[in-house]
Amino acid sequence: MTAARPVGKEFDDAELIVASYKDPETFATLFDRYADDIHRYAARRVGTAHADDIVAETFLVAFRRRTSYDTTRRMARPWLYGIATNLLARHRREEERLYRALQRTGVDPLPEPMANAVVARVAAQSHHRALAAALAGLKPRDRDTLLLLAWGGLTYEEVAEALDVPVGTVRSRIHRARKKTREALGTTTDLIDGD
Amino acid sequence: MDDLKLLAELRSDTPPMTTETARLARARLLATAAEAERRTVPAHAGRAGVTRRRLFRVAVAGGLVTAAAATGIAVAGNTEKRTDHRNPGPGVPLRGTPVANVVDLADRAAQAARTRPFTAPKPEQWIYIQTRSAPMADPGEPNGPVASRQRRTTAQWIRADGKQEATVDSNRKLTIDDLLPAEPRFDYPYLSSLPTDPDRLLATLRASADEPVGPRDVAVFSNIGVFMRNGLIPPQVQAALFQVLPRLKGVQLVRQATDAAGRTGVAFAIIEEGYLRDELILDSRTYRYLGERSIVIKNHVSHGDDGDLRSRKGEIVQWAAQTRIGVVDKPGQRP
């Protein structure tokens, strides 16, 4: 604990949510803890412009549902990722279009142009194209599951919490999704080897 | 190469959220939170030594709390005539002799409540309540006096199953939220579950007024005010609530009291912390609930964690009128 902290203890997420019943502005602390992560996860899937809306919307939805939050879950992170993932579903076509563009052209439309990133993006590697193809072809629920793990950084248990499914379901979805990504990468590898 | 590792590299150069985006999103959240705070019961913990009632007061949307009365002293400044209001239903006119005392008032109000027409709402219907109230003079001092010459009107809908509430903002945008756990509860399932026998009801209310800051009966009085202000109450429970009031220690009759809509009636009252008189105002003809007022009856200083609150005699710290109550099928509708 730093000497500067006025109060001895930091509230965990569940305590903050309970405190926000009576003192709603307390909820902003959850924003400070997780908004950056949620934004990055959303921007990686559908781009910055949609991510801006999704991050704002995620916290508004969470705020309105705060009384139904299961406060035995000390960390709200999976819950917030779950809400963001549901909001992302509205942009499914756009998300798939972006993967296909990368697959087809080798140029990833994401992240949006930032001068010094252009060169790297033009040089997108062939295995990125293969991965994009695989991602575009996954069932939406399998893709959500895989990307919560790979891009959201959630554990299997947290993904299960986020999507409100049993851990076993997460495992089988990941298994199915990775079979596709490996197949896609296998093809590329063969091509590279053959060059 | 490991597919998950390759996947982790894909778009790993995604830029972070800009500070402007974060600022706007956070501001939207705070605006929603502030809106919720305006109408939540109760509001945040504040000063030590401030009563529970006071906490309630902050909360309620149009916000008022209980009322009070006093020793038969006519309340100053209540010279306006009773106006025809739209508070529902015909009620039972019990004309004639003036109210003798709190027991007499309770009997008349209970009888009127029992004979008033009432249809229980279906669980998916919504209870609409319109409130006219005097806003806080200083929003930064939620426990301070109201601006006694200003009024605002607020509307709220609470689903009859107690699960959701709805409000409209100044742009007439309807927002539906989960109904927050309130202390005390005032949702219809709870109110309709209360005992209809006054003695049993009194015991229940005393038991549920946990951790009162002041005397338990003052907390019970305050809670009855919350029910009347925010809830639709079945007639038999309403009658029992009126019968409970004279049983509370310290309850007095105020022969003339005016609500925030300018309607003059008769009130039950109780003194809080020796300086604040809470009035629960009823129509003096139909004995229907009109509203509430809390008035400082002597100069007082409350000491709290966040400083002292000075109250001057004559200040009104809460003033409201229930101008409409009814049942509708959808939030946003008015009866």
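Residues numbered from 1 in each chain as written. Chains lettered and ligands numbered in written order. Predicted model: local features only at pLDDT ≥ 70, side-chain atom pairs only at ≥ 80, totals over all residues.

A.B. asks: Which residues make up the environment of Leu309 of chain B, and what values do they have?
C.D. replies: For Leu309 of chain B, the position within the fold is in strand S10 (residues 307–311). As a C-alpha pair, Leu309 of chain B and Gly144 of chain B span 165 residues in sequence and 7.5 Å in three-dimensional space. (Helix = DSSP H or I, 4+ residues; strand = E, 2+ residues; numbered from the N terminus.)

A.B. asks: Any chance you could break down the environment of Gly168 of chain A for me, citing the residues and the numbers?
C.D. replies: The residue Gly168 of chain A is located in helix H10 (residues 167–194) in this model. Expressed as a C-alpha distance, the spacing of Gly168 of chain A and Glu157 of chain A, which sit eleven residues apart in the sequence, is 9.4 Å.

A.B. asks: Talk me through the nonpolar core; I want residue IDs and the actual numbers.
C.D. replies: Residues and elements named next belong to chain B. By size, the foremost hydrophobic cluster in this structure holds 68 residues, and its most contacted members are Ala109, Ile127, Val244, Leu245 and Ala267. Residue contributions to this core peak at eight residues, all from helix H7 (residues 216–230). Dropping the residues within four chain positions of it, Ile127 is found in contact with Pro121, Trp157, Ile158, Ala160, Tyr188, Leu232 and Val327. (Core = buried A, V, L, I, M, F, W, Y, C linked by C-beta atoms within 7 Å. Buried ≥ 20, exposed ≤ 12 C-beta atoms within 10 Å, placed from the backbone. Contact = placed C-beta atoms within 7 Å.)

A.B. asks: So what's going on with the interface of chain B and chain A? Residues and values would help.
C.D. replies: With 32 residues of chain B at the contact, the number on the chain A side is 38 residues. Of all the secondary structure elements, the ones that give two or more residues to the side of chain B that touches chain A are helix H1 (3–9), helix H2 (19–39) and strand S4 (174–178) of chain B. Looking at the side of chain B that touches chain A, the element that brings in the most residues is H2 of chain B, giving twelve residues. In terms of residue class, the side of chain B that touches chain A is made up of 19 nonpolar, five polar and eight charged. (Nonpolar A, V, L, I, M, F, W, Y, C, P; charged D, E, K, R; others polar.)

A.B. asks: Summarise helix H4 (residues 102–115) of chain B; cite the residues concerned and give the values.
C.D. replies: Residues and elements named next belong to chain B. The end-to-end C-alpha distance of H4, which contains 14 residues, comes to 20 Å, matching closely the 20 Å that a straight helix rising 1.5 Å per residue would cover. Among the residues of H4, those classed as buried are Val102, Leu105, Ala106, Arg108, Ala109, Ala110, Ala112 and Ala113. Buried-residue contacts for H4 involve helix H8 (235–244), strand S5 (252–258), strand S6 (264–272) and strand S7 (276–282). (Expected span 1.5 Å × (residues − 1).)

A.B. asks: I'd like to hear about the packing of helix H3 (residues 48–64) of chain A against helix H4 (residues 77–88) of chain A, residue by residue, with values.
C.D. replies: All names here are of chain A. Where H3 meets H4, the axes come as close as 9 Å, and the angle between the chain directions of the two elements is 125°. Taken as axis vectors, H3 and H4 run oblique relative to one another. The two elements H3 and H4 cross, and the hand of that crossing is right-handed. Contacts between H3 and H4 pair Ile54, Glu57, Thr58, Val61 and Ala62 from the former with Leu80, Ile83, Ala84, Leu87 and Leu88 from the latter. Of the residues contributing to the contact of H3 with H4, the split by class is eight nonpolar, one polar and one charged. (Axes fitted to C-alpha atoms, helices over the stretch in contact; angles between N-to-C directions. Parallel < 35°, antiparallel > 145°, perpendicular 65-115°, else oblique. Left-handed = near helix turned anticlockwise from the far one by under 90°.)

A.B. asks: If you had to explain the confidence of the model for chain A to someone new, which residues and values would you point to?
C.D. replies: Residues and elements named next belong to chain A. Residue-level pLDDT values for chain A average 84, and 84% of them are 70 or greater. Per-element confidence in chain A is highest for helix H2 (residues 28–46), whose mean pLDDT is 96, and lowest for helix H6 (residues 118–122), whose mean pLDDT is 50. Note on residues 1–8: pLDDT is under 50 here. Beyond four places in sequence and across chains, it has zero contacts. Considering only residues more than four positions removed or in separate chains, one finds that residues 189–195, a stretch of pLDDT under 50, has one contact. (pLDDT = per-residue confidence, 0-100.)

A.B. asks: A description of the pairing of strand S3 (residues 164–168) of chain B should follow, citing residues and the corresponding values.
C.D. replies: On a regular strand, each side chain points to the face opposite its neighbour's, so the side chains alternate between the two faces of the sheet. Residues and elements named next belong to chain B. Side chains Glu165 and Thr167 of S3 all project onto a buried face; the interleaved residues Gln164, Ala166 and Val168 project onto a face where none is buried. With three bridges connecting them, strand S2 (residues 152–159) and S3 associate as antiparallel partners. When the sheet's bridge partners are listed, Trp157 is paired in S3 with Ala166. Taking the residues that link successive antiparallel strands as the turn, the S2-S3 hairpin has four residues, and the phi of Gly162 there is positive, at about 75°. Both S3 and S4 contribute to a ladder of five bridges, which runs antiparallel. Each residue of the ladder has a partner; that of Gln164, found in S4, is Asp178. Between S3 and S4, which follow one another and run antiparallel, lie five residues, and Arg172 among them has a positive phi close to 65°. (Pairing = 2+ DSSP bridges.)

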